[in-house]
Structures are given as C-alpha cells and as structure tokens.
Amino acid sequence: MGFARACSVALVGVEGVVVEVQADLEPGVAAFTLVGLPDKSLVESRDRVRAAVVNSGAEWPQKKLTVGLSPASVPKSGSGFDLAVACAVLGAAGRIDPAAVADLVMIGELGLDGRVRPVRGILPAVLAAAEAGYRQVVVPEQTAGEAALVPGISVLGVRSLRQLIAVLGDEPVPDEPTADQGRPDATGAGLTVPGAGLGTGLALPVAGGGAHRPDLADVAGQHRARQALEVAAAGGHHLLLSGPPGAGKTMLAERLTGILPALSRQDSLEVTAVHSVAGILPPGEPLISRAPYCAPHHSATMQSLIGGGNGMPRPGAVSLAHRGILFLDEAPEFSGRALDALRQPLESGHVVVARAAGVVRLPARFLMVLAANPCPCGRHTLAGAGCECPPSAVRRYQARLSGPLLDRVDLRVEVEPVGRADLIGGGGRGESSAAVADRVREARERAAERLAGTPWSTNSEVPGHELRTRLVAAPGALAAAERDMERGILTARGLDRVLRVAWTVADLRAAGRPDASDIAVALELRTGIQRGVPLRAEAVR
C-alpha cells in the first residue's frame, strides 16, 4: 500500500482555501476514484492526469487508486488541481519521494502530452497559500510572474510534468521546447474568458505612450462639471452627471481615470486578484497599477452587475471596478432591480452573493459615476428645444433613479450644453489631466496623513460619527447644512456625505479643516441649489 499527499488551492470567489490532495494505492482491480466534492471539470482530471503521466515517461500504477480532496465539505472546481493530483499519485507509486511533495502547493492544468497549462486565479490562490503558512508553490511557467507578486513565496514555474518530476527527484531537467516564433500558442487560452472584458465594458488605461490617452484638456467648457470631477477623484465621491444628449457626460467620465492616483501595492494586488479570477487580466501585465474603468451596457442584468452565474458566483461589474470607476451611462435605462442592488456595495465596499452552491464575498469599493438625461427625449431642460414629453413621462423617467440610490450619491451636477465660443473658439478649454492629477494626489496625501492609523484612506470612507466627533469642521461652519436638514432637504446620511465632500474641498485648497465656504460648496454639489459660491478650479486652490 502506498500513500502520498500534495496541496493545491480551491477558490471561492476571490478567496482561496488550501486543499490537501491525498492519493492512496491498494491491491485490487485497477481503478481511479476521485472523492471530495469535485465538479465536472475536476472529475475529468482522471483521464487528463493518467494520459499526462504516461506521456511523461512515468508508469501508471495498476492498482486500486483513491484520490481524496480535503476538506471534503468545500466545493472544488476547475482544472487547477491536475498537477497536485499527478504528483500525489506518483508519490504514492514511489516514482518521486512523498516527502518532497508533502508541503508543496501546486496549481496547474495538465495537457494529455504532459505540458502544464495556466489557469485563472493564480494570484488569489498563492495569496491563500501564503496566508496558510506555505512558502513554496509550483505554477505554470506563464503565470510565474503573477505568483511572484506575493512576498515571501518561493515560486517554481514549470513547462511540463517531466520537468517537475526531474526537479523533485534531483534528476537532470529536460529542456522543453517553446512555441515556434510566429506560431499561435494555445497554452495560454485558459487565462482568459472569451468576451468577458467586452461583456462588462471593461477598459484599462493605455500603457505606454503608443495610443492617445483621454485628457481633460480635450473638454471644452464645462467648468462646473470639471470641478466636480476633481472633487470626486480627490475624495472618492460618487457623482451624477445629468444633462441633455451631446453635452459631454460620457466624455467627462472617460477622463476621470486620468486624474486618479496610481493604486497602492495592496490595492493593486486586490484588483489583480479579481481580474485574474474573472479571466480578464491583460496578457504580459501581471500587476494592474492603474484604476480600472468599467462601463457596462444599460441592458446588463443584475447578476452581471453584482456577480453571480451558474454554480459558484463569479465577480460582476462592481467587483471588476474595485478601486476604480463604475460608469453607468444612460443610468435610468438600467433595470430598477439592478440599480437598487448597488445600494449595499456603495455603503459597505463589498458584495455578498448567496447561491445554492455557496456564499461568496467579493470586494466592490468603487467610485460610481451616473449619467442621465432629464427626460426620454433629452431636451426637457433646453429652452426652446421642443421637448414633447408629457410631465408624467418626465416624472416616471426621473423616478427610475430611486431616492435611496440618489441619497448615496455625493455630487450632483447639471451638465450644460457647450456654447459655440467654447467649442469652436477654444477659449473654454481648461487644464490638462496631468495638472489636475497633481492636485488630486496632493489632496489624497493630506487625507491619508490625517487618517493615518485608521482603517480609512479617503474622505468618502470615513464614518459619520468620526466626522461629528473627532474630525470636526470649523465652529459655525455647519449652520447652512443644519438648516437644510431641518427643512428636509438633507437626510442624516446626506449630512454625513456633505461633511465628507467639505473635507475633500478643504484638502484641495490645503486647509486644515473645512469652513463655511467649504460646506457651502459641498451643499451646492450635493443639492444642486445655487449658494453663490464659485466652483471653478481656482476657488479650491
């Protein structure tokens, strides 16, 4: 009787559980039994592993073979267990030393010829192994760079099972040929899900300088909207842009990524982990350093926005926009259920998706930008534009954005049509994204210094009780906000959000704390009621 064990990782959402792969050989009729709650793709590993072992020059044991995946109560899916199953079987058969694989975490799919093919979710799997105390992992060679992002982990990238057997047995490592130049390489197909990025409208900032990057200097006029974009980027505040078609709402939202600061190391790992699981990690870029931009179509279902799918839930658009921007163009055209499902992640920064296969917690701390027309035809606010929508249709259209959802939006800006002088004359063009990004970065640094030692990094994350007790505004600054609250214009949540925006405005002008003018700016951005406070960029510097 022979016994050996190896380790792999089962992914539940973007979190991993280390799984012990046990192989037991007993005398009897040759059979291969796989137990431990595997799914269909994992059950098929019996045939893949057998063919890969034989084609790698090793002998397949002609005995009764039982492979157990422990803990058996955790659902296991995917083909990433192939490598661990093969090594556990070879260890039980005596081909390799069982002690050599007992503490190794192995992740990878095996081809019938013995080649090791990459799988999705390498980064969260290696992170889970590191948290569990493991220090050595074996992954496909194509994903070794992604695995090496985890500190304190020794990574071995292999091309084939033959190479791994040689390394574990202290034998000469065979040289496996790579794909010929100019020939397509099918081994990397497992890293991406066809159409996943297109289905969510996901787009990442262009790397390098080969292509045009959207710049705020391209925007003509729109001083109020540009200021709202700067405040949103500096504090991580949600934004609603409303106005007639062609005013530049989408153009403004697309340029928001250009003024956001680069992701921190921890945020980069979180974003990369989500994209790796979703199968949309850019090839050749193991670490995402810029904030993602996700713009799903208004026909998107609630499952595609929040997360879900058959079996174990998969990340939705809100998770793919984690630490970045979720842009909902034509927001009233989204289904009411999908929009209202955004309420919980907007408050908590994560999504909990419950399905029959299990409960998954997915990260979802994003900056939401909504774009909406004033009515179905879009001309309701234009004088003399000939809007023929009856008042009841206008009310129904505007009511599609529910009050509880809008109460979670910090900034509401009316985007006015661009005049001829701004568009053709060029006199209304403002600063470039680089200049605005510098102010945003400095404002975020001030906020991070003030919030050092707390679990928050931006003003939008600070709870209301902290703003009312520890981080207080200047004496008398809240008088206008308190009056609006008494009149019913502001809710309790709205008052907290006004305070957060006021702190961001104060950070942009390098003030120690917000005063009455900062509160007035925040109230105007929140309610849309004119307060007589200029909102141009020079007003906050």
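Report follows, based on the coordinates.

### Concerning the overall build of the protein
Turning to step 1, where the next piece is worked out: In terms of helices and strands, the protein carries 23 helices and 19 strands.
Turning to step 2, where the next piece is worked out: Evaluated residue by residue, the protein yields a buried proportion of 50% over its 541 residues.
Turning to step 3, where the next piece is worked out: The contacts in the protein between residues at least 6 apart in sequence include a share of 72% that link residues at least 24 apart.
Turning to step 4, where the next piece is worked out: Accessible surface computed for the protein: about 23100 Å², of which carbon and sulfur atoms make up 52%.

### Description of helix H9 (residues 223-235)
Turning to step 1, where the next piece is worked out: Across its 13 residues, H9 extends 19 Å between first and last C-alpha, which sits within 8% of the 18 Å expected from 1.5 Å per residue.
Turning to step 2, where the next piece is worked out: For H9, a buried count of eleven out of 13 residues is recorded, marking the element as mostly surrounded by other parts of the structure.
Turning to step 3, where the next piece is worked out: Positive backbone phi, approximately 70°, marks glycine 236, located one or two places after H9.

### Focus: the side chain of glutamine 222
Turning to step 1, where the next piece is worked out: You can see glutamine 222 is positioned in the loop between strand E10 (202-203) and H9.
Turning to step 2, where the next piece is worked out: What makes glutamine 222 buried here is its relative accessible area of 12%.
Turning to step 3, where the next piece is worked out: From its side chain, glutamine 222 meets the backbone oxygen of glutamate 416 in a polar contact 2.6 Å long.

### Some words on the environment of proline 345
Turning to step 1, where the next piece is worked out: Considering the arrangement of structural elements, one finds proline 345 in helix H15 (residues 343-348).
Turning to step 2, where the next piece is worked out: The contacts of proline 345, once residues within four sequence positions are left out, are His350, Val351, Ala364 and Phe366.

### What to know about helix H11 (residues 265-278)
Since there are 3.6 residues in each turn of an α-helix, residues three or four apart along the chain are aligned in direction.
Turning to step 1, where the next piece is worked out: Under the 1.5 Å per step criterion, the end-to-end length of H11 is 20 Å for 14 residues, consistent within 8% with the ideal 20 Å.
Turning to step 2, where the next piece is worked out: For H11, the tally of buried residues reaches eleven of 14 residues, placing the bulk of the element in the interior.
Turning to step 3, where the next piece is worked out: Asp267, Ser268, Leu269, Val271, Thr272, Ala273, Val274, His275, Ser276, Val277 and Ala278 are the residues of H11 that are buried.
Turning to step 4, where the next piece is worked out: Following H11 by one or two positions, glycine 279 has its phi on the positive side, about 80°.

### Things to note about the environment of valine 49
Turning to step 1, where the next piece is worked out: With respect to the helices and strands, the residue valine 49 is situated in helix H2 (residues 45-55).
Turning to step 2, where the next piece is worked out: Valine 49 sits in the buried class, given a relative accessible area of 0%.
Turning to step 3, where the next piece is worked out: Spatially, the C-alpha atom of valine 49 lies 8.3 Å from that of glycine 114, the residues being 65 residues apart in sequence.
Turning to step 4, where the next piece is worked out: Not counting the four nearest positions on each side in its chain, valine 49 is found in contact with Trp60, Asp82, Val85, Ala86 and Leu110.

Basis of the calculations
Residues numbered from 1 in each chain as written. Predicted model: local features only at pLDDT ≥ 70, side-chain atom pairs only at ≥ 80, totals over all residues. Heavy atoms only, no water. Helix = DSSP H or I, 4+ residues; strand = E, 2+ residues; numbered from the N terminus. Buried < 20%, exposed > 50% of the residue type's maximum accessible area, 1.4 Å probe, protein only. Contact = heavy atoms within 4.5 Å. Areas by Shrake-Rupley, 256 points an atom, 1.4 Å probe, with all protein chains shown as cover. Expected span 1.5 Å × (residues − 1). Polar contact = N/O pair within 3.5 Å; in protein donor to acceptor, adjacent residues only side chain to side chain.

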